[in-house]
Amino acid sequence: MNEENLAKIQAIAEAALLAAGKPLTLDQLRELFPEDERPARQVMEHVMMLVGNACEGRGFELRKVASGYRLQIREEFAPWVSRLFEEKPQRYSRALLETLALIAYRQPITRGEIEDIRGVAVSSNIIRTLLEREWVRIVGHRDVPGRPAMYATTRQFLDYFNLSGLTELPPLSEIRDLEEIGREIEKNIQAEIEFDSASAQPTGDNTPDQTFH
């Protein structure tokens, strides 16, 4: 494929990513083209590399997350861009952040198992908030008396924290305690600003990317 065609595909991909307001997969980008003009998957992968290279030195970047590719503001420019928006990032309690961290690292995990590790009861409001944010979902029930629900993270969780998979989470050996994990998650929450709007959340299915056993 010649450079002129590649440049056209690149421009179309950039326009689509700007307009979508959510991550797009390679197949979704390829489907923008008529069937007889549809670029091969390998060509589209090369085009995304070109898009990423074109973002170098700019205020935004191409990021691959669990649900696909998206253009977003670089984290270092968040303090300036955030002044454009009246809505401030919501702050979450230490208990919620620790609960989210335990689900991320120990999934699938039940509410009772979370309480055993933390040593305190988990508020129903915390579980409801995590479910409403679509950061966690019920993936089954533990085969014990009472059949408690088991929780795991979703692709929405991975997208929000700029992760393509759970393997990108910091190794537990590098983190001293749950409070430190919570602080790291909170920092990511405060810094998260989408390219199109500070309040826009990426969409995607709620299928867990993978679980730890």
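Residues numbered from 1 in each chain as written. Predicted model: local features only at pLDDT ≥ 70, side-chain atom pairs only at ≥ 80, totals over all residues. Heavy atoms only, no water.

### Quick word on the packing of helix α1 (residues 3-20) against helix α3 (residues 41-54)
Point 1. In the contact formed by α1 and α3, the axes pass within 9 Å of each other and the chain directions differ by 70°. Comparing the axis directions of α1 and α3 gives the class roughly perpendicular. On α3, the residues touching Leu-6, Ile-9, Gln-10, Ala-13, Glu-14 and Leu-17 of α1 are Val-43, Met-44, His-46, Val-47, Met-48, Leu-50, Val-51 and Ala-54.
Point 2. The residue inventory of the contact of α1 with α3, partitioned by class, reads eleven nonpolar, two polar and one charged. (Axes fitted to C-alpha atoms, helices over the stretch in contact; angles between N-to-C directions. Helix = DSSP H or I, 4+ residues; strand = E, 2+ residues; numbered from the N terminus. Parallel < 35°, antiparallel > 145°, perpendicular 65-115°, else oblique. Contact = heavy atoms within 4.5 Å. Nonpolar A, V, L, I, M, F, W, Y, C, P; charged D, E, K, R; others polar.)

### So, the pattern of salt bridges
Point 1. Within the structure shown, the criterion is met by nine salt bridges.
Point 2. Between Arg-41 and Glu-45 there is a salt bridge; the shortest N-O distance is 4.0 Å. Of this pair, Arg-41 and Glu-45 both sit in helix α3, separated by four residues, roughly a single helical turn.
Point 3. Note on Arg-41: relative accessible area 39%, which makes it partly exposed.
Point 4. A relative accessible area of 40% places Glu-45 in the partly exposed class.
Point 5. Across the salt bridge formed by Arg-74 and Glu-61, the nearest N and O atoms sit 3.4 Å from each other. (Salt bridge = Lys/Arg side-chain N within 4 Å of Asp/Glu carboxyl O. Buried < 20%, exposed > 50% of the residue type's maximum accessible area, 1.4 Å probe, protein only.)

### Quick word on the sheet that holds strand β5 (residues 149-153)
Point 1. In spatial order, the strands read β3-β5-β4; together these three strands make up an open sheet with antiparallel pairing. Each edge of the open sheet is held by one strand with a lone partner, namely β3 (109-110) and β4 (136-141).
Point 2. When β4 meets β5, the two strands line up antiparallel, connected through five bridges. Along β5, the bridge assignment pairs Ile-138 with Tyr-151.
Point 3. Sheet contacts for helix α7 (residues 124-132): β4 and β5; angle to β4, the most-contacted strand, approximately 105°. (Pairing = 2+ DSSP bridges.)

### Side note on the confidence of the model for the protein chain
Point 1. The share of residues in the protein chain with pLDDT of 70 or more is 77%, and the mean pLDDT across the chain is 80.
Point 2. Within the model, the stretch residues 193-213 combines pLDDT values under 50 with 70 contacts to residues more than four positions away or in other chains. (pLDDT = per-residue confidence, 0-100.)

### Quick look at α3
Point 1. Counted at 1.5 Å a residue, the expected span for α3 with its 14 residues is 20 Å, and the 20 Å between its end C-alpha atoms agrees.
Point 2. For α3, the set of buried residues is Met-44, Val-47, Met-48, Val-51 and Gly-52. Seen end-on, α3 carries its buried residues on one side only, within an arc spanning 145°.
Point 3. Packed against the buried residues of α3 are α1, α2 (26-30), β1 (60-65) and β2 (68-73). (Expected span 1.5 Å × (residues − 1). Arc of directions from axis to C-beta.)

### Side note on the environment of Met-48
Point 1. Here Met-48 lies in helix α3.
Point 2. On the basis of relative accessible area, Met-48 is assigned to the buried category, the value being 3%.
Point 3. Residues contacting Met-48, with those up to four places away along its chain left out, are Ala-13, Leu-17, Leu-26, Leu-29, Leu-62 and Tyr-69.

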